[in-house]
Amino acid sequence: MKFVEVAAIVVAVGLMASCAAPSQEIAGNVQSAGKAERLSSIRLGPTTQKKFEEFSQGYSAYGAMYVTKNDGGGRAGGQYSLETAKELALAQCRKHNSGQNCILYATISP
């Protein structure tokens, strides 16, 4: 099984000191500190455990992670809404884990 992610392409933008804020719009996504919340008690395999650790530390704004019982899954982060993040992550999980049940494992919200 493959584990894939949808990652936003972020373009570096110079910010004026007076414009610094907790949330900045960059390249169509939101950059803001987010907190991961586990929603499932499913036991993760080695691949999905590593991906969850990356997910919980590497995304900002809204994100979602789906997993399968066979150590597969999909994730998305840096989105404007939780619904968009869930839709993208679920689509990736289904695309790369055909016939597997994709379970919402965690989300990130600002």
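Structure report, in brief. Because the structure is a prediction, the values reported are computed rather than measured.

**A word on the pattern of salt bridges**
Reasoning step 1: Scanning the entire structure with this criterion turns up 3 salt bridges.
Reasoning step 2: Taking the shortest distance from any N to any O, the salt bridge between Glu54 and Lys51 comes out at 3.9 Å. Here Glu54 and its partner Lys51 are both found in helix α1 (residues 46–58), 3 residues apart, which amounts to about one turn of the helix.
Reasoning step 3: Note that Glu54 and Arg75 form a salt bridge whose closest N and O atoms lie 3.0 Å from each other. One end of the pair, Glu54, is in helix α1; the other, Arg75, is in strand β6 (residues 73–79), and 21 residues separate them in sequence.
Reasoning step 4: Overall, the relative accessible area of 2% leaves Arg75 in the buried class.
Reasoning step 5: A network of salt bridges, in which partner residues are shared, links Lys51, Glu54 and Arg75.

**Remarks on the nonpolar core**
Reasoning step 1: Core analysis: the largest hydrophobic core is formed by 10 residues, namely Ile42, Leu44, Phe52, Phe55, Tyr59, Met65, Val67, Tyr105, Ala106 and Ile108.
Reasoning step 2: Going through the elements one at a time, α1, β5 (62–67) and β7 (103–109) are the ones with two or more residues in this core.
Reasoning step 3: Looking at this core, the element that brings in the most residues is β7, giving 3 residues.
Reasoning step 4: Apart from the residues within four sequence positions on either side, Val67 is in contact with Ile42, Leu44, Thr48, Gly72, Gly73, Asn101, Cys102, Ile103 and Tyr105.
Reasoning step 5: Within the second largest apolar cluster, 8 residues are counted, among which are Ala64, Ala76, Ala89 and Cys93.

**Here's the deal with the packing of aromatic side chains**
Reasoning step 1: Enumeration according to the criterion identifies 2 aromatic pairs in this entry.
Reasoning step 2: Ring geometry for Phe52 against Phe55: centres 6.4 Å apart, planes inclined by 35°, an arrangement best described as tilted. Of the two residues, Phe52 and Phe55 both sit in helix α1, 3 residues apart, roughly one turn of that helix.
Reasoning step 3: Residue classification places Phe52 among the buried positions, given a relative accessible area of 6%.
Reasoning step 4: The class for Phe55 is buried, based on a relative accessible area of 0%.
Reasoning step 5: Seen from their ring centres, Phe52 and Tyr105 are 5.2 Å apart, and the 85° between their planes marks the pair as edge-to-face.

The rules behind each value
- Residues numbered from 1 in each chain as written.
- Predicted model: local features only at pLDDT ≥ 70, side-chain atom pairs only at ≥ 80, totals over all residues.
- Heavy atoms only, no water.
- Salt bridge = Lys/Arg side-chain N within 4 Å of Asp/Glu carboxyl O.
- Helix = DSSP H or I, 4+ residues; strand = E, 2+ residues; numbered from the N terminus.
- Buried < 20%, exposed > 50% of the residue type's maximum accessible area, 1.4 Å probe, protein only.
- Core = buried A, V, L, I, M, F, W, Y, C linked by side-chain atoms within 4.5 Å.
- Contact = heavy atoms within 4.5 Å.
- Phe/Tyr/Trp six-rings, centres within 6.5 Å; stacked < 30°, edge-to-face > 60°.

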